[in-house]
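Understanding the architecture of this molecule
One-letter residues, chain by chain:
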Amino acid sequence: MRFLRAYHFLSFGVLGFSKLLQSIDELQNTKYDFVIAGAGTAGSVLANRLSEDGKYQVLVIEAGVDNANIQSIIVPFLGPAAFNTVVDWNFTSSPQVGMFNRTIPLSRGHVLGGSSSINFMAWNRGSNDLWDNFARLSNDSGWSWDSVAKYSFEVSRLIPPTDGRDTTGQVIPSAHGNGPVLTSLPGYPSEIDPLVTDTAKSLGGRFRYNEDNNAGDMIGFSHLQFSVGHGERSSAATAYLVPAIDRPNLDVVINSRVLKLYASQTVDGVPQIDTLEVAQSADGPRVNVTGTNEVILSAGVFGTPQILMLSGIGPKEELTKLNVPVLLESPDVGKHLTDHPLLPGYFVVDAHNSTDPIQRNSTLQAELLQEWETSRTGIMVNAPSGGTIAFMKNPPGFSGGLDPSSGPRSGNTELIFIVVKDGFVPVPSIPFPPNGTYMTVVMAVVSPTSRGTFTLNSANPFDSPIIDPQLYTTDYDMQTMIQLMKDVDTFISQPTWNGFVLRPFFDFANDKEREIYARNNSRTVDHCIGTARMGPGGVEGGVVDSQLRVKGVKGLRVVDASVFPQIPENHPQAVVYTLAERASDLIKSSH
């Protein structure tokens, strides 16, 4: 089976990466106007936008591999197969005290396109309140929804699902833009989609139906949109890098890690960061490259703080302990790490088009994959998560009225209903059953109050860092998950589900049993943010200012999810794209 490097999108056709370098040693030049560390979601946007007018020489350095010809990346349904492979950094948390000291896998993209190439493709642009809250926390109205709306519309374009069905009432076309990332509703609808939406319409209130959660208000039960176009994943690599790669002023190098940054001089006593040390392996040669205008870190929520700290920018006590020379004491580096805890709930159902049998039948899998390759139709065009999603508020008066979300249009909790695509979503403690048909309701706390940390394990750039999200370390987070489990029971108990849901896979007698189940079986949604957060004032108020410049030095900016001052109450990839679009303008206006 042959897969093309560039997918069907817009009118670019099939392009080759003529300037995709396999090694830092292949560079003909080591001095550029801009050097971007990381070709992930944000880095790919920057690569395109900073090189589009031909004015600047741009280099992008990616630690991971090429995204070409990797089946699990291109075929939406096969997305889970990318985890724990060469395209995943395969990070692991430290033991989580809130989860009975279990360690949790933390997946991040180690490939062109970064996590946009290996995520489950859910597309949420965030509520208007999310962006207005960013503006408040950064003390910069430039991050308000009114200011960033134009950038959001420049990111993505809604196209019809592959089955060509009428989607009236399932999405609001006018709420969408005309950008390069293709988004769509599932091309192979699930039999439970109408059960979910009909129940929401009948219940209303906290369980109300929302025609399009990408229209500014996230609250309610909606049809789920994905970064999928024409039956294939639409990633930052396919949408932003492929169209730009033939530009003579853009170089992209893979399999190469940025180890640390250097200041070649000081300006008025402030270090001027302009040099990056790069290598392919722990014992390989080091190569220095220079960004004369700016160096931009887009290495992700774990890669960015690691590079900063290895460069001597971070908490002084932690750097000194590892004998890393302190260039700048920046105490917020690696702090405020936040993620969404995720928990699957299971129900035995009488379903007719569940894919549980597909997981047990390799012959059927091959037939369905052949259908996808031949016509881009069938179940393989769907992302590996359900066709409906909900964002809910906790009940009035919950936890004394505490609502840590961005505002009334952002949720506290999230639900995704899955039966047509992996009806039983296993976790290590609950393996896939040998028979039966199941529905999984994926539950998540999207406005958590637990905060974790990221730090170095050693001064060796190739050693794994210490990542501690500290999940479920506040009573609010655990009580919110318990409340969500009860909300699911309320929703599933409605008459709409009679005859479909046969019984829960587990019965809980009380909240204590629910808590034990949650602590034993939760992981995260891999939405970590905040390790180089944006904020006003000096270094005690954040790592970067509202222009995303690293405070205390010159020539260095951070553009990725690490700068978010609060975790988005939704799947964050679209928020990262919008951040990077605005950052591109900020950077160009500075030069």
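Residues numbered from 1 in each chain as written. Predicted model: local features only at pLDDT ≥ 70, side-chain atom pairs only at ≥ 80, totals over all residues. Heavy atoms only, no water.

Re the UniProt feature "domain: Glucose-methanol-choline oxidoreductase N-terminal" (unreviewed entry) in the protein
When the UniProt feature table is mapped onto this chain, "domain: Glucose-methanol-choline oxidoreductase N-terminal" (unreviewed entry) is found at residues 32-341. Strand forms 22% of residues 32-341 and helix 24%; the C-alpha atoms that close the span are 41 Å apart. (UniProt positions renumbered as here; feature names shortened; annotations may be inferred. Helix = DSSP H or I, 4+ residues; strand = E, 2+ residues; numbered from the N terminus.)

Observations concerning the packing of helix α1 (residues 41-51) against helix α13 (residues 573-589)
Each pair of packed helices gets described by two things: the angle between the helix axes and the distance between those axes. One way to put it is that α1 packs onto α13 with a least axis distance of 9 Å and a crossing angle of 35°. Crossing handedness for the pair α1 and α13: right-handed. Residues T41, A42, V45, L46, R49 and L50 of α1 lie in contact with α13, whose contacting residues are Q573, V576, Y577, A580, E581, A583, S584, I587 and K588. Grouping the amino acids of the contact of α1 with α13 by side-chain chemistry returns nine nonpolar, three polar and three charged. (Axes fitted to C-alpha atoms, helices over the stretch in contact; angles between N-to-C directions. Left-handed = near helix turned anticlockwise from the far one by under 90°. Contact = heavy atoms within 4.5 Å. Nonpolar A, V, L, I, M, F, W, Y, C, P; charged D, E, K, R; others polar.)

Section: the nonpolar core
W143, V289 and L556 are the most contacted members of the largest nonpolar core, which totals 95 residues. If we skip the residues at most four places from it in the chain, W143 touches W131, D132, F134, A135, S138, V148, M534, S546, L548, L579, R582 and L586. If you look at the next biggest cluster of nonpolar residues, it comprises 42 residues, including A200, V348, A351 and F417. (Core = buried A, V, L, I, M, F, W, Y, C linked by side-chain atoms within 4.5 Å. Buried < 20%, exposed > 50% of the residue type's maximum accessible area, 1.4 Å probe, protein only.)

Focus: the pattern of salt bridges
Enumeration over the complete set of coordinates arrives at 19 salt bridges. Between E232 and R376 there is a salt bridge whose closest N-O contact spans 2.7 Å. Residue E232 is located in strand β10 (residues 232-233), and its partner R376 is located in the loop between α10 (362-375) and β18 (388-392); the two are separated by 144 residues in the primary sequence. The same class applies to E232 and to R376, which are both buried. Of the charged contacts, one joins D332 and R533 as a salt bridge, the two residues approaching to 2.8 Å between their closest N and O atoms. One end of the pair, D332, is in the loop between β16 (328-329) and β17 (341-349); the other, R533, is in the loop between β24 (523-524) and β25 (556-558), with 201 residues separating them in the sequence. A relative accessible area of 7% places D332 in the buried class. Here the residues in one salt-bridge network are R49, E52, E581 and K588, joined through shared partners. (Salt bridge = Lys/Arg side-chain N within 4 Å of Asp/Glu carboxyl O.)

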